[in-house]
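Architecture and fold: a report
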Amino acid sequence: QVQLVESGGGLVQPGGSLRLSCATSGIIFSMSKMGWYRQAPGKQRELVATITSGFTANYADSVKGRFTISRDNAKNTVHLQMLTLKPEDTAVYYCNAVIDLAITGRHDYWGQGTQVTVSS
């Protein structure tokens, strides 16, 4: 079975840092496009960052220069290093995996989310 499990969320003060992790199982991780999304109360879920199987990263404008997405194919894990956190970063952060292969078609998986709260 496919599992994506996020960890590393918590409560931090503005200007602080957190490192989120997403451990995966049941997928061909090295062939997956990985991403982090977030959703604040009353808001739509939004893209934060993605990283391709070729290690190409993309970021939302709101987090460029502050967040870094990375992947460890040996551990089937994706990370999101978040620096200089702002109150507007407060949200539930979700891990996402997309696998699109000719033999299987497209599959999209989500973790359950981890809460990030930035408050003084």
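Look up a bit, the structure's there.
As a starting point, this report considers the structure included with it. (Residues numbered from 1 in each chain as written. Predicted model: local features only at pLDDT ≥ 70, side-chain atom pairs only at ≥ 80, totals over all residues. Heavy atoms only, no water.)

**A short note on the pairing of strand β4 (residues 33–39)**
- With five of seven residues buried, β4 is to be regarded as a mostly interior element.
- With seven bridges joining them, β4 and strand β9 (residues 91–101) adopt antiparallel strand pairing. Bridging across to β9, G35 finds its partner in N96.
- Note: β4 against strand β5 (residues 46–51), five bridges, orientation antiparallel. The partner of R38 across the bridge, within β5, is E46. (Buried < 20%, exposed > 50% of the residue type's maximum accessible area, 1.4 Å probe, protein only. Helix = DSSP H or I, 4+ residues; strand = E, 2+ residues; numbered from the N terminus. Pairing = 2+ DSSP bridges.)

**Looking at the packing of aromatic side chains**
- Within this structure, the stated rule accounts for one aromatic pair.
- With a centroid separation of 5.0 Å and 65° between ring planes, the pair formed by Y37 and W110 is classed as edge-to-face. Here Y37 is found in strand β4, whereas its partner W110 is found in strand β10 (residues 105–110), with 73 residues between them in sequence.
- Above the plane of the ring of Y94 lies R45, whose end atom (NZ or CZ) is 3.8 Å from the centre.
- Between the NZ or CZ atom of R45 and the centre of the ring of W110, over which it lies, the distance is 4.7 Å. (Phe/Tyr/Trp six-rings, centres within 6.5 Å; stacked < 30°, edge-to-face > 60°. Lys NZ or Arg CZ within 6 Å of the ring centre and 35° of its normal.)

**Concerning the sheet that holds strand β1 (residues 3–7)**
- What the four strands build is an open sheet, ordered β1-β3-β8-β7; its pairing is antiparallel. Among the strands making up the open sheet, the edge pair consists of β1 and β7 (67–72). Across this sheet, the average inter-strand angle for adjacent strands is 15°, counted without regard to direction.
- As judged from the six bridges shared by β7 and strand β8 (residues 77–82), these two strands associate in the antiparallel manner. Across the sheet, the residue bridging to T68 is Q81, located in β8. (Axes fitted to C-alpha atoms, helices over the stretch in contact; angles between N-to-C directions.)

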